[in-house]
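As a plain string of letters, each chain reads:
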Amino acid sequence: MNKARAIARWISFLLLIAAGQVCAELQVQISQGVEGAIPVAVVPFANQGSLSDSLSQIVSADLQRSGRFRTLAESAMQERPTAPDQVQQAAWQALGQDFVVVGQIRPSGDGYEADFHVVDVIRGTLVVSYRLPFGRAETRQAAHRIADVIYKAITGEPGAFATRVAYVSVSGEGANRRYNLQVADTDGYNPQSVIVSNEPIMSPAWSPDGTKIAYVSFESRRSAIYVQTLATGERRKVSDAPGINGAPAFSPDGSRLALTLSKDGNPDIYVMNLGSGGLTRITDYSGIDTEPNWSRDGRSIVFTSDRGGKPQLYLVSASGGSAERLTYEGDYNARGVFSPDGRSLAMVHGKGGDYRIAVMDLASRAVRVLTSGPLDESPGFAPNGSMILYAARRGQLAAVSIDGKVRQSLRIEGGAVREPAWSP
């Protein structure tokens, strides 16, 4: 296969990646929650009136948004305790609550401290007490961290409210079209541009420490891969080889980058040492090998290949060698990504023209379809493994729990977004 045909096939291979519209804040809504969600009351924290944002309201919204909790409206609260010994157990039981969160804000140095507690009003016990220092500009992030503490204290699982999402939006038409790679909080607030370009931006991928993003840019009218430091905006072009430069993915230790290159003919998987720039070729096949993602131990790479006639997922050693086919169910399986615990693989699962998000149990190889389609793509796990973020039709972002019971929709007013990626 010559290089021009390889590039044309690769572009066709990625047609599900569509352009979106407009740069604005994401709006997150629960479209389906867990039946029997845990009732919890987040009482307004004392002395938070001097802050521009209400911590308790943000915490309550986070818990509600998870789909695992049902929060009590402030207007329904008959008392406003601020310490555990002020919580009247019977009164909150009468309101149907299982847990009550109380707290207060105190000045501390140049900033503040949030002193908060979670009370189990069914058992009459204190679940957790926690003190969190924060600066005025960190109010929202502090609230997300508080929600993470509460989530873990009640469910036993880590929260993911204090993480971020990256996505690509597009505004304008024709010569005025602009592509914008953005990073925002998981509740859609604080969107910030990483890079804006008149040419396409694709495939954002987070470094393991959350300080950098790798992405593909066509700003020079051909594909190139960049790694950008979020705090400083400094970026480095790591690959602009002839032909395709695509699908970057950081290794778990952040020292290497898996990527798709066609510099030697067909699109294949390579691994780059980010320190030396040295390349190791991982696959060498006449078809298309693309969309690499690392196993959690860094020893293996899952990738998409049409070597069997249609796109399917394969597994190969991170040092190269023969590849093992993983998927057989359905006529299209692509965009494989490992769960944080390494036990599952999320993917785009296609059958009969419908493309949905599915999860494979790697021990049994059983595949469970989680979404309704018909054009769902770009799955990525939350860092706690509880949710999968993906792009749905009409340029919407969505998230679904790994058991399919909780669904969220993330919308941008008047437009659409693509290529979501959840931070560590």
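Residues numbered from 1 in each chain as written. Predicted model: local features only at pLDDT ≥ 70, side-chain atom pairs only at ≥ 80, totals over all residues. Heavy atoms only, no water.

A.B. asks: Describe the overall build of the protein, listing the residues and the values that go with them.
C.D. replies: A tally of helices and strands in the protein yields four helices and 30 strands. Out of the 424 residues belonging to the protein, those deemed buried represent 53%. Accessible surface, the protein as shown: approximately 17900 Å² in total, 45% of it carbon and sulfur. (Helix = DSSP H or I, 4+ residues; strand = E, 2+ residues; numbered from the N terminus. Buried < 20%, exposed > 50% of the residue type's maximum accessible area, 1.4 Å probe, protein only. Areas by Shrake-Rupley, 256 points an atom, 1.4 Å probe, with all protein chains shown as cover.)

A.B. asks: Requested: an account of the environment of P84, with residues and values cited.
C.D. replies: With respect to the helices and strands, the residue P84 is situated in the loop between β3 (69-71) and α3 (89-94). In contact with P84, not counting residues within four places along its chain, are V102, H117, V119 and L126. (Contact = heavy atoms within 4.5 Å.)

A.B. asks: Just give me the short version of the pairing of strand β7 (residues 164-171), but keep the residues and values in it.
C.D. replies: Among the eight residues that make up β7, six are buried, leaving the element largely enclosed by the rest of the structure. Strand direction decides the pairing type here: β7 and strand β8 (residues 178-185), joined by eight bridges, are antiparallel. By the bridge assignment for β8, V165 is matched with A184. Two successive antiparallel strands, β7 and β8, enclose a turn made up of six residues, where G172 displays a positive phi of approximately 85 degrees. In the sheet, β7 pairs with strand β30 (residues 417-422) via four bridges, with the strands oriented antiparallel. In the sheet register, V165 faces β30, and the bridge partner there is W422. (Pairing = 2+ DSSP bridges.)

A.B. asks: So what about the sheet that holds strand β15 (residues 256-261)? Which residues, and what values?
C.D. replies: Pairing within the open sheet is antiparallel, and its four strands lie in the order β14-β15-β16-β17. In this open sheet, the two edge strands, each paired with only one partner strand, are β14 (245-250) and β17 (279-281). Across the sheet, the mean angle separating the axes of adjacent strands is 25 degrees when strand polarity is ignored. With three bridges joining them, strand β16 (residues 268-273) and β17 adopt antiparallel strand pairing. If you follow Y270 over to β17, its bridge partner there is R281. (Axes fitted to C-alpha atoms, helices over the stretch in contact; angles between N-to-C directions.)

A.B. asks: Tell me what's going on with the nonpolar core, and back it up with residues and numbers.
C.D. replies: If you look at the biggest cluster of nonpolar residues, it comprises 28 residues, and the most contacted ones within it are L55, I146 and I150. At the level of elements, β2 (38-42), α2 (55-65), β4 (99-108), β5 (111-120), β6 (125-134) and α4 (139-155) are the ones that each hand at least two residues to this core. Per-element tally for this core: the top contributor is α4, with eight residues. With residues up to four places along the chain from it excluded, the contact list for L55 reads F45, Q48, I105, A114, F134, T139, A143 and I146. Membership of the second largest hydrophobic core comes to 15 residues, among which are I201, I213, Y215 and A224. (Core = buried A, V, L, I, M, F, W, Y, C linked by side-chain atoms within 4.5 Å.)

A.B. asks: Report on the pattern of salt bridges, specifying residues and quantitative values.
C.D. replies: Under the criterion given, the structure shown has 21 salt bridges. In this structure, R65 engages D62 in a salt bridge whose closest nitrogen and oxygen atoms are separated by 2.5 Å. In this pair, R65 and D62 both sit in helix α2, three residues apart, roughly one turn of the helix. Just as R65 is buried, D62 falls in that class too. Note that D284 is salt-bridged to R281, the shortest N-O span being 3.1 Å. Using a relative accessible area of 30% as the deciding quantity, one classes R281 as partly exposed. (Salt bridge = Lys/Arg side-chain N within 4 Å of Asp/Glu carboxyl O.)

A.B. asks: So what's going on with the sheet that holds strand β11 (residues 212-217)? Which residues, and what values?
C.D. replies: Pairing between the strands of a sheet is mediated by backbone hydrogen bonds and can be parallel or antiparallel. Sheet architecture is open: four strands sit in the order β10-β11-β12-β13, paired in antiparallel fashion. This sheet does not close on itself; its edge strands, each paired only once, are β10 (201-206) and β13 (235-239). Strand-to-strand twist in this sheet, taken as the mean axis angle between neighbours without regard to direction, amounts to 25 degrees. Across six bridges, the pairing between β11 and strand β12 (residues 224-229) is antiparallel. Its bridge partner lying in β12, A214 is registered against V227.

A.B. asks: I'd like to hear about α4, residue by residue, with values.
C.D. replies: Here α4 is 17 residues long and its end C-alpha atoms lie 24 Å apart, about the 24 Å a rise of 1.5 Å per residue gives. By the criterion of burial, α4 is predominantly enclosed, with 13 of the 17 residues buried. Where α4 ends, the next residue or the one after it, G156, has phi of about 85 degrees, a positive value. (Expected span 1.5 Å × (residues − 1).)

A.B. asks: How would you sum up the packing of α2 against α4? Please name residues and give values.
C.D. replies: At a minimum axis distance of 8 Å, the contact between α2 and α4 shows a crossing angle of 50 degrees. Regarding the angle of α2 to α4, the classification is oblique. Note on packing geometry: the crossing formed by α2 with α4 is right-handed. Here α2 contributes L55, I58, V59, D62 and L63 to the contact with α4, which in turn contributes T139, R140, A143, H144, I146, A147, I150 and Y151. Among the residues making up the contact of α2 with α4, the classes are represented as nine nonpolar, two polar and two charged. (Parallel < 35°, antiparallel > 145°, perpendicular 65-115°, else oblique. Left-handed = near helix turned anticlockwise from the far one by under 90°. Nonpolar A, V, L, I, M, F, W, Y, C, P; charged D, E, K, R; others polar.)

A.B. asks: So what's going on with the packing of aromatic side chains? Residues and values would help.
C.D. replies: As enumerated under the stated definition, the model contains seven aromatic pairs in all. A centroid spacing of 5.9 Å and a plane angle of 20 degrees characterise the contact between Y215 and Y226, whose relative ring orientation is stacked. Here Y215 is found in strand β11, whereas its partner Y226 is found in strand β12, with eleven residues between them in sequence. Taken as a pair, Y215 and Y226 share a single burial class, namely buried. With a centroid separation of 5.9 Å and 25 degrees between ring planes, the pair formed by F303 and Y314 is classed as stacked. One end of the pair, F303, is in strand β19 (residues 300-305); the other, Y314, is in strand β20 (residues 312-317), with eleven residues separating them in the sequence. (Phe/Tyr/Trp six-rings, centres within 6.5 Å; stacked < 30°, edge-to-face > 60°.)

A.B. asks: Requested: an account of the side chain of D120, with residues and values cited.
C.D. replies: Considering the arrangement of structural elements, one finds D120 in strand β5. A polar contact is formed between the side chain of D120 and the side chain of R123, at a distance of 2.8 Å. Ignoring sequence-local partners within four residues, the contact set of D120 consists of D98, F99, T125 and V127. (Polar contact = N/O pair within 3.5 Å; in protein donor to acceptor, adjacent residues only side chain to side chain.)

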